[in-house]
Amino acid sequence: METQVAELKQKIEDTLCPFGFEVYPFQVAWYNALLPPTFHLPLPGPTLAFLVLSTPAMFDRALKPFLQSRHLQRLTDPVDQCVAYHLGRIREHISGVCMHPRYGGWFAIRGVVLLPGIEVPGLPPTKPLDCVPTRADRITLLEGFNFHWRDWTYRDAVTPQERYSEEQKAYFSTPPAQRLAALGLARPSEDPSSASPELPFTTLKPKKPHNVSRARGWLSPSASPPASPGP
């Protein structure tokens, strides 16, 4: 890896990795080569970019503290806001089905950091690991994603080192339009501006062990949300 790329990657990792994100460098040309012109990024091919993934740890290390910090702007998705907040001063392009070699399907593609003006024509492409090697396994995975995505099992096509917590699964199983209410930020029948500021979460600081307590209400067995998992 080029020295400049390695240095920039380290700086971004220092900022994002403690909060449950991973970053991977690539050239804009690699992205554009996979898509029709309508979806091309309007930048020179050698422009440096970084793919940003969220791991299972993001929920406790980034999302919950973000919600408690009161940075949340109602009316838009809390996870998208959290990702944008942590990318901070860097431009982002939200994207995002594929398997992670360590987390299987228990991750999400959250964004792309674009660095216009920084070109790395010598950056060698990295061939992705073939996590699902046989055709039969790939068919099983696609069928699981297309027809059984509600039960989460397709995410275990690759044995994961870590999965989403039950709390996190409950959050992503809640339909997006109901997630603010599920977090205690708004009720379905009331104006979000009158919602209670109390959040049903405990904070988990990065890189420190913590026993995450179960959230109130929507996390109890008697109040399970409809099953419609998101990322």
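Before any of the text, the structure's been laid out above.
The rules behind each value
Residues numbered from 1 in each chain as written. Predicted model: local features only at pLDDT ≥ 70, side-chain atom pairs only at ≥ 80, totals over all residues. Heavy atoms only, no water. Helix = DSSP H or I, 4+ residues; strand = E, 2+ residues; numbered from the N terminus. Buried < 20%, exposed > 50% of the residue type's maximum accessible area, 1.4 Å probe, protein only. Core = buried A, V, L, I, M, F, W, Y, C linked by side-chain atoms within 4.5 Å. Contact = heavy atoms within 4.5 Å. Phe/Tyr/Trp six-rings, centres within 6.5 Å; stacked < 30°, edge-to-face > 60°. Lys NZ or Arg CZ within 6 Å of the ring centre and 35° of its normal. Pairing = 2+ DSSP bridges. Axes fitted to C-alpha atoms, helices over the stretch in contact; angles between N-to-C directions.

## A word on the overall build of the chain
Phase 1 of the analysis: Helix and strand counts for the chain stand at 7 helices and 3 strands.
Phase 2 of the analysis: Put simply, the chain runs from its N terminus to its C terminus through helices and strands in the order α-β-α-β-α-α-β-α-α-α.
Phase 3 of the analysis: Evaluated residue by residue, the chain yields a buried proportion of 40% over its 231 residues.

## Some words on the nonpolar core
Phase 1 of the analysis: Among the nonpolar cores identified, the biggest contains 30 residues, and L48, F50 and L63 are the most heavily contacted of them.
Phase 2 of the analysis: Looking at this core, the elements that each hand over two or more residues are α1 (3-16), β1 (21-27), β2 (47-54), α3 (58-68), α4 (78-87), β3 (108-119) and α6 (166-173).
Phase 3 of the analysis: Considering every element that reaches this core, the biggest residue donor is α3, with 6 residues.
Phase 4 of the analysis: Setting aside chain neighbours within four positions, we find F50 in contact with V5, L8, K9, I12, Y24, P25, F26, G111, V112, V113 and L115.
Phase 5 of the analysis: Counting residues in hydrophobic clusters, the runner-up holds 6 residues, among them F26, V28, A49 and L114.

## Structural notes on the packing of aromatic side chains
Phase 1 of the analysis: The final tally for this structure, using the stated rule, is 7 aromatic pairs.
Phase 2 of the analysis: Seen from their ring centres, F59 and Y171 are 5.8 Å apart, and the 50° between their planes marks the pair as tilted.
Phase 3 of the analysis: We classify F59 as buried; its relative accessible area is 0%.
Phase 4 of the analysis: An angle of 5° between the planes, with centres 5.6 Å apart, marks the rings of W106 and W152 as stacked. Taken together, the residues span a long stretch of sequence, with W106 in the loop between α4 and β3 and W152 in the loop between α5 (135-147) and α6 at a distance of 46 residues.
Phase 5 of the analysis: Through a chain of ring-to-ring contacts, three or more aromatic side chains come together here, namely F59, W106, W152, Y164, Y171 and F172.
Phase 6 of the analysis: Above the plane of the ring of W106 lies R155, whose end atom (NZ or CZ) is 5.7 Å from the centre.

## Topic: the pairing of β1
Phase 1 of the analysis: Most of β1 is tucked away: 6 of the 7 residues are buried.
Phase 2 of the analysis: Where β1 lies against β2, 7 bridges are found, and the strand directions are antiparallel. What sits directly across from E22, in β2, is L53.

## A closer look at the sheet that holds β2
Phase 1 of the analysis: Read across the open sheet, the 3 strands follow the order β1-β2-β3; overall the sheet is antiparallel. Unpaired on one side and paired on the other, β1 and β3 mark the two borders of the sheet. Going across the sheet, the axis of each strand differs from the next one's by a mean of 20°, ignoring polarity.
Phase 2 of the analysis: Taken together, the 8 bridges between β2 and β3 define a ladder with antiparallel strand orientation.

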